[in-house]
Amino acid sequence: MKTAKDPTGQGRNRKKASRAARLKLTAAQRHVKELFKRIPTTTRRQVDLVNNASTTIYDYDISPQELTDLNNSIQFINNKELLESQSDMPAGWFWKERIEPPYRTGTAEEVNNFNQAVAAAGVIGTVIAGFPVQQIPIESVLLSEPYRASLSKVYTTQYNLFKGLSENTSKQVIEQITLGVQAKESPAVVAGRINKRYGVAKSSADRIANTEVNKAYNDASMDTNTALAQQYGVRAGVIHISALIKPGTRDTHAARHGNAYTVDQQTRW
């Protein structure tokens, strides 16, 4: 349902997307911590004679090659969870289920708007640009090759986003483990830093979910708008809608609220 706070009506899809990504990261976090805990450690006391204090030193029994292998395993785990692959996007990649609904909704709404417009204008049956204007069955658009091709491009973009998330998370987690091993810190301290890094990754996943679900919806509207305009040789535009009552709405977004723009203008903006 569209509201002033959620003008795209994609709130539920955003929540589902965020939860799905967080579950994947939680699973990766658990597996990585299990690997780290397997590293044998021994403890010894280091005495500071000046301050008359002692510190527990943790020696990790891990060779440079084993540390490299651990790093590779961490990347493998993150890819397995977030990408469900180590190379190309799999056919049943979990994020497709989160992105297709808003893209489908945006497409269907734009087709419905077109149908209402031609009905109101009384031009059904009129030949424009060599095509008789007819109301378009939404199902035929959703099953069409152009729709599938456009959606495929969206999936590819999304997959690259998650590749970046996987790579960045792996790099940060590996860095924390390496520093902890070299500094001879306690496993509990290092594990806490691993948790913190995955917490950062989950925040990034939330941003991806909130941004990309809405973007899929908006892109679908503009893609469909463009296709219909080209097919019938008519001018078409989009109206910019912002969540004006949300505290985080930026001034540049609010200033465009309610104004009509061409698809090219909106895309470039």
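Everything discussed here concerns the structure shown above.
Predicted model only: the values in this text are computed from it and were never measured.

Engineer: What is the right way to look at the side chain of T107 in this model?
Structural biologist: Assignment of secondary structure puts T107 in helix α3 (residues 96-121). Given a relative accessible area of 2%, T107 falls into the buried group. In this structure the side chain of T107 is engaged in a polar contact, spanning 2.9 Å, whose partner is the backbone oxygen of Y103. Sequence-distant contacts of T107, that is, excluding residues within four places in its chain, are made with V141, L142, Y147, A220 and T224.

Engineer: Looking at this structure, I do not really get the packing of aromatic side chains. What am I missing?
Structural biologist: When we look at a pair of aromatic rings, we describe it by the centre distance and by the angle of the planes. Evaluation of the coordinates by the stated rule reveals eight aromatic pairs. When the ring of W93 is compared with that of F162, the centres are 5.6 Å apart and the planes differ by 85°; the resulting orientation is edge-to-face. Of this pair, W93 sits in the loop between α2 (64-82) and α3 while F162 is found in helix α5 (residues 145-183), placing the two residues 69 residues apart along the sequence. Like F162, W93 is buried. In this structure an aromatic cluster arises from ring pairing among W93, F94, W95, Y159 and F162. Against the face of F94 rests K24, its NZ or CZ located 5.0 Å from the ring centre.

Engineer: Any chance you could explain the pattern of salt bridges here in plain terms?
Structural biologist: Between side chains of opposite charge, a pair can form as their charged atoms come close. Enumeration over the complete set of coordinates arrives at nine salt bridges. The salt bridge partner of R104 is E100, with a shortest N-O separation of 2.2 Å. Of this pair, R104 and E100 both sit in helix α3, four residues apart, roughly one helical turn. On the accessibility criterion, R104 (33% relative accessible area) is partly exposed. Judged by relative accessible area, E100 falls into the buried class, the value being 18%. One salt bridge connects R193 with E185, and the closest N-O pair in it is separated by 2.7 Å. By relative accessible area, which is 30% here, R193 ends up partly exposed. Among the charged side chains, a salt-bridge network with shared partners connects R44, D59 and K184.

Calculation criteria
Residues numbered from 1 in each chain as written. Predicted model: local features only at pLDDT ≥ 70, side-chain atom pairs only at ≥ 80, totals over all residues. Heavy atoms only, no water. Helix = DSSP H or I, 4+ residues; strand = E, 2+ residues; numbered from the N terminus. Buried < 20%, exposed > 50% of the residue type's maximum accessible area, 1.4 Å probe, protein only. Polar contact = N/O pair within 3.5 Å; in protein donor to acceptor, adjacent residues only side chain to side chain. Contact = heavy atoms within 4.5 Å. Phe/Tyr/Trp six-rings, centres within 6.5 Å; stacked < 30°, edge-to-face > 60°. Lys NZ or Arg CZ within 6 Å of the ring centre and 35° of its normal. Salt bridge = Lys/Arg side-chain N within 4 Å of Asp/Glu carboxyl O.

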